[in-house]
Amino acid sequence: MILKKRQFALYSLIFSVVIGLMACASDPMESGLDPFAPMVFKEGETTLPLNPPNQETLVPFYVSSNAVFKFAIDTDSISADPDGVTRYTVVMTSPNGNQQTQYEGIRCDSFQWRLYGNFDNGKWKENTLSSWKDIKDHNPNRYQAALAQGAFCNISTQVKSTKAIVQSLNPKGFTGGVKPTNSNGVQ
């Protein structure tokens, strides 16, 4: 009887050790597959557009009552890419009529933007010093914030449908110039 108890204790110990080793082998922290670990952003390849913005598909959008410039986006240039970046061409017009055209990207997950290049003297020029920058929500010409909040993002998730993005840019329904409110109506 004592021998059977010792055998049972030995088998129990071996079983516990094996289960413990199996648990360590499948530990998500060990395997690198932790579902709760922060995701590391890996940007896909970006190429500048081949053509200037299409004047027929430029859609103006509202930024704020304090905006000095007028803004329009080339709806043909919008792409909601699998890397989580929405890329687009924006045309900014100053009060004296000068225009600047840029190719940019917005990340909804981090609320950041990046300038990929400018259209200058009839051709695209890459911005080789480009880096991700936080979107500013408190300046008059806050067009990246307006695009992110009104068309490109659903809170911190990218809108994947370019058709939905273009529909959101409709001047009658565009909400990018309106700051979201909490449930108490406080901005």
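These numbers were taken from a predicted model, which means no experiment stands behind them.

## Describing the state of the cysteines
So, point 1. A complete count under the given rule lists 1 disulfide for this structure.
So, point 2. Shown here is the disulfide that connects C108 with C153, its sulfur atoms set 1.9 Å apart. Taking the sign of the S-S torsion, -80° for the link of C108 and C153, the bridge is left-handed. Taken as a pair, C108 in the loop between β4 (99-107) and β5 (112-120) and C153 in strand β8 (residues 153-154) lie far apart in primary sequence, 45 residues in all.

## So, the pattern of salt bridges
So, point 1. Summed over the entire model, instances satisfying the criterion amount to 7 salt bridges.
So, point 2. Residue D81 pairs with R87 through a salt bridge whose shortest N-O separation is 2.6 Å.
So, point 3. D137 is the salt-bridge partner of R142, the closest N and O atoms lying 2.9 Å from each other.

## Here's the deal with helix α3 (residues 143-152)
Structurally, the α-helix is built with 3.6 residues per turn, so residues lying three or four positions apart point the same way.
So, point 1. Counting buried positions over the 10 residues of α3 gives 9, a clear majority of the element.
So, point 2. When we look at burial in α3, the residues that qualify are Y143, Q144, A145, A146, L147, A148, G150, A151 and F152.

## Some points on the confidence of the model for the protein
So, point 1. On average, the protein scores 81 in pLDDT, and the residues at 70 or more come to 71%.
So, point 2. Every residue in residues 179-187 is under pLDDT 50, and counting partners more than four places away or in other chains gives 7 contacts.

## Side note on the side chain of S130
So, point 1. Relative to the elements of secondary structure, S130 occurs in the loop between β6 (123-126) and β7 (133-134).
So, point 2. Judged by relative accessible area, which is 13%, S130 ranks as buried.
So, point 3. A distance of 2.7 Å separates a polar atom in the side chain of S130 from a polar atom in the side chain of R114.
So, point 4. There is a polar contact of 2.7 Å between the side chain of S130 and the backbone oxygen of L115.

## Examining the nonpolar core
Soluble, globular proteins show a tendency: their nonpolar side chains are buried together.
So, point 1. Grouped together as the largest cluster of nonpolar side chains are 25 residues, with contacts concentrated most on F61, Y88, I106, Y143, L147 and F152.
So, point 2. If you list the elements that add at least two residues to this core, you get β2 (70-80), β3 (85-93), β5 and α3.
So, point 3. It is α3 that contributes the most residues to this core, 7 residues altogether.
So, point 4. Core analysis: the second largest hydrophobic core is formed by 5 residues, V85, Y116, W124 and W132 among them.

## Details of the environment of F69
So, point 1. Looking at the secondary structure, you find F69 in the loop between β1 (58-61) and β2.
So, point 2. Using a relative accessible area of 34% as the deciding quantity, one classes F69 as partly exposed.
So, point 3. Residues F69 and T93, 24 residues apart in the sequence, show an inter-C-alpha distance of 5.5 Å.
So, point 4. For F69, the contacting residues outside a window of four places in its chain are T93, S94 and N141.

What counts as what
- Residues numbered from 1 in each chain as written.
- Predicted model: local features only at pLDDT ≥ 70, side-chain atom pairs only at ≥ 80, totals over all residues.
- Heavy atoms only, no water.
- Disulfide = S-S within 2.5 Å.
- Helix = DSSP H or I, 4+ residues; strand = E, 2+ residues; numbered from the N terminus.
- Salt bridge = Lys/Arg side-chain N within 4 Å of Asp/Glu carboxyl O.
- Buried < 20%, exposed > 50% of the residue type's maximum accessible area, 1.4 Å probe, protein only.
- pLDDT = per-residue confidence, 0-100.
- Contact = heavy atoms within 4.5 Å.
- Polar contact = N/O pair within 3.5 Å; in protein donor to acceptor, adjacent residues only side chain to side chain.
- Core = buried A, V, L, I, M, F, W, Y, C linked by side-chain atoms within 4.5 Å.

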